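# Observations on the three-dimensional arrangement
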There are 2 protein chains.
Amino acid sequence: MNFNRRDFLNRGLLGAGAVLIGSQIPVLTSCETPKREDKTQKVPLNLSFQEGTLDGDSFNEKFDKMEELGITGFEPWGSGLNARKKEMLEALKGRNIKISAICAGFKGFILSQEEAVFEEFMTTYKDLLRLAGELGSVGVIMVPAFNRQEPCRPHTIETREWLVETLSELGDFALKNNTSVILEPLNRNEAFYLRQVSDAASICRDVNNKGVTCMGDFWHMTFEETSDSGAFFSAGEYLSHVHVASRKRRSMPGEDDETDNYIDGFKALKQMNYQGFVSFECGSIGNRADTVPAAVKLLREQWEIES
Amino acid sequence: MNFNRRDFLNRGLLGAGAVLIGSQIPVLTSCETPKREDKTQKVPLNLSFQEGTLDGDSFNEKFDKMEELGITGFEPWGSGLNARKKEMLEALKGRNIKISAICAGFKGFILSQEEAVFEEFMTTYKDLLRLAGELGSVGVIMVPAFNRQEPCRPHTIETREWLVETLSELGDFALKNNTSVILEPLNRNEAFYLRQVSDAASICRDVNNKGVTCMGDFWHMTFEETSDSGAFFSAGEYLSHVHVASRKRRSMPGEDDETDNYIDGFKALKQMNYQGFVSFECGSIGNRADTVPAAVKLLREQWEIES
């Protein structure tokens, strides 16, 4: 692994009025006009469930219910997935359900200051990337550091550069396995280090590796973003996955009544021609037999609203 | 000043699947659909120059040239402004030119860990807010901490909360003076603490005080934002000012050729019905007598482009 830092920006040279030679600054592909699709083109809402979204004793039972609801994505927990893989793949046979993302399940964390914890992260995360590739999954969701995870590298430019370098290695590994790293911003109570979708996207841009992507979770976005559409437009081409939940209590969409408005975010996803999944990550206050179909209906209705 | 921290989010309670009572979480005005104006409505491009944008020996000479170019905003440096105020106001009489923002000029910095430096900041920044009010300016631009400013509070949630509290006091002071605090994100080489427009907007949202606003600078955005429109949509109602420069060398817009594309950002500003100024903050490689009118022409052309 190459620990050398990239001086991708020439620190100290960029002052007010400073004149730089163009070639000192990399050619940026950002800030270009995002692709906006013709509104007449229909962008599908691809919904995905996690393992716990529906009640049920087996994959087959859950997949049957998902098919009834027209759900075409499934997001398994990464933890212990290898052991459940055979049963899951067996149950998926002949169904129109794909593995969307794999939700975490690794050990350690990437920003750990302890070499052993970092190495444990690298080993177990790569195992999951390999598995994601086998399963045809878009990627493995990663939070760089939860607040509870200590000792963590400090929130400095050096840490940012180190993260970019490390993600570059993981991105290469992910690409070889036809999958991706998925950076997930959380709200500040869970993970202060990475809170905004635009910051995750900026990291992806700096890494500049197709194997490193990001996601947005409507639940966390409620607290950290001032604009759902702004956040998704910033994610742009780096967006590979989306999580959804009700916006007050992280329950089924609709259980928090009118607060559960996803229209502005959906509008951006449609304009971006987003082809990935919108995956449920939430609990339920009411009976799932009622709240899950109601949530699916609500999201589909909001997706259809012109804006 | 109230140094008590706001526990505006109930830290530790918001875990996956956690059920919270709705009233524990503040009503958020974010994530609502941003106001999109009817495209038939014409949003004006209000351009502004800084003191150094044009050559000239006096305010009158510069204002004459600005009027010839149809420039309706003027952004003075805050430093020593009180001494230049009389001459400036005299020269502005009878002209269609308003003071846009006041560009810094205070001493100390808000995130200083040294009480004396912090107090110097508060005193001199408030002096400028008072002056901004007198001059009818939208606000005083502030960078929370340049990289070179030490010792600085660490980039933690505690610092964020402390900043929000302190800005709340300044916002009240600004409001009493009919002006605002303007948070400016810079690129990481100048100020790692605050780099993205969405983060500045998120701070404004947390402060929840009309006297605290933010801005975007196309120059810094080139390096830190993945989407100009995404950044401005995130700024939304908190956006009070915009800076513009060429995108490779921070010169006059157009001097870096096709890199100087502002169309995506302008599109967002138009959709947001942005009524503030787009103010030049840049040097010039060529002769200003040529490059300034060319830049004005370029920006007006790009503003007119439908997207």
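Anyway, here's the lowdown on the structure attached to this text. Computed from a predicted model, the values in this text were never measured in an experiment. (Residues numbered from 1 in each chain as written. Chains lettered and ligands numbered in written order. Predicted model: local features only at pLDDT ≥ 70, side-chain atom pairs only at ≥ 80, totals over all residues. Heavy atoms only, no water.)

## Topic: the overall build of chain A
Heads up, the condition is: Runs of H or I in DSSP of at least four residues are treated as helices and runs of E of at least two as strands, each being numbered from the N terminus. Exposure is judged per residue with a 1.4 Å probe applied to protein chains only, and the accessible area is read against the type maximum: over 50% gives exposed, under 20% gives buried, and values in between give partly exposed. The contact criterion used is simple: two residues touch if any of their non-hydrogen atoms lie within 4.5 Å. Where accessible areas are quoted, they stem from the Shrake-Rupley method and a 1.4 Å probe; at the residue level, only the protein chains shown are allowed to cover.
Looking only at helices and strands, one finds nine helices and nine strands in chain A. Across the 307 residues that make up chain A, the buried fraction comes to 60%. Contacts in chain A between residues at least 24 apart in sequence constitute 78% of all its contacts with a sequence separation of at least 6. Total accessible area on chain A stands at roughly 12,100 Å², and carbon and sulfur atoms take up 49% of it.

## Quick word on helix H1 (residues 59–69) of chain B
Residue and element names in this part refer to chain B. Note the threshold: Here the arc refers to the set of directions running from the helix axis out to each C-beta atom.
Within the sequence span of H1, burial applies to Phe59, Lys62, Phe63, Met66 and Leu69. For H1, the arc enclosing every buried residue in end-on projection is 115 degrees, short of the 170-degree limit, so these residues lie on one face. Among the residues trailing H1, Gly70 stands out with phi positive, at a value near 75 degrees.

## Points about helix H7 (residues 228–235) of chain B
In terms of residue burial, H7 of chain B counts as a mostly covered element, since eight of its eight residues are buried. Within H7 of chain B, burial applies to Asp228, Ser229, Gly230, Ala231, Phe232, Phe233, Ser234 and Ala235 of chain B. Each element contacted by the buried residues of H7 of chain B is listed here: helix H7 (228–235) of chain A together with helix H5 (197–207), strand S7 (212–217), helix H6 (218–224), strand S8 (239–244) and helix H8 (263–271) of chain B.

## Brief notes about unusual backbone geometry
Along the chain, Glu150 of chain A connects to Pro151 of chain A via a cis peptide bond; the corresponding omega equals -10 degrees. Here Pro151 of chain A shows up in the loop between strand S5 (139–142) and helix H4 (157–176). Phi at Asn178 of chain B is positive, roughly 55 degrees, even though this residue is not glycine. If you trace the backbone, Asn178 of chain B turns up in the loop between helix H4 (157–176) and strand S6 (181–183). For Asp257 of chain B, which is not glycine, the phi torsion reads 55 degrees and is therefore positive. A residue is classified by how much of its surface remains accessible, and Asp257 of chain B, at 54% relative accessible area, is exposed.

## Description of the packing of aromatic side chains
Basically, it comes down to this: Within 6.5 Å between ring centres, the rings of Phe, Tyr and Trp (the latter by its six-membered ring) count as paired, and their orientation is classed by plane angle as stacked under 30 degrees, edge-to-face over 60, tilted in between.
According to the stated counting rule, one finds 29 aromatic pairs over all chains in the structure shown. With a centroid separation of 5.3 Å and 80 degrees between ring planes, the pair formed by Phe106 of chain B and Tyr125 of chain B is classed as edge-to-face. Here the residue Phe106 of chain B occupies a position in the loop between strand S4 (101–102) and helix H3 (115–135), and Tyr125 of chain B occupies one in helix H3, the gap between them amounting to 19 residues. Seen from their ring centres, Phe218 of chain B and Phe266 of chain B are 5.8 Å apart, and the 85 degrees between their planes marks the pair as edge-to-face. With Phe218 of chain B in helix H6 and Phe266 of chain B in helix H8, this pair connects stretches of sequence that are 48 residues apart. Among the residues examined, Phe266 of chain B registers a relative accessible area of 0% and is labelled buried. Members of the aromatic cluster, joined through ring pairs, are Phe218, Phe232, Tyr262, Phe266 and Trp303 of chain A.

## Description of the state of the cysteines
Two cysteines whose sulfur atoms are joined by a covalent bond form what is called a disulfide. All names here are of chain A. Threshold: What counts as a disulfide here is a pair of cysteine sulfur atoms lying within 2.5 Å.
Scanning all chains against the criterion turns up zero disulfides over all chains. Not part of a disulfide, Cys103 finds its nearest cysteine sulfur in Cys282, a span of 12 Å. Judged by relative accessible area, Cys103 falls into the buried class, the value being 8%. With no disulfide of its own, Cys204 lies closest to Cys214 among cysteine sulfurs, the gap being 4.4 Å. Owing to a relative accessible area of 1%, Cys204 belongs among the buried residues under this scheme.

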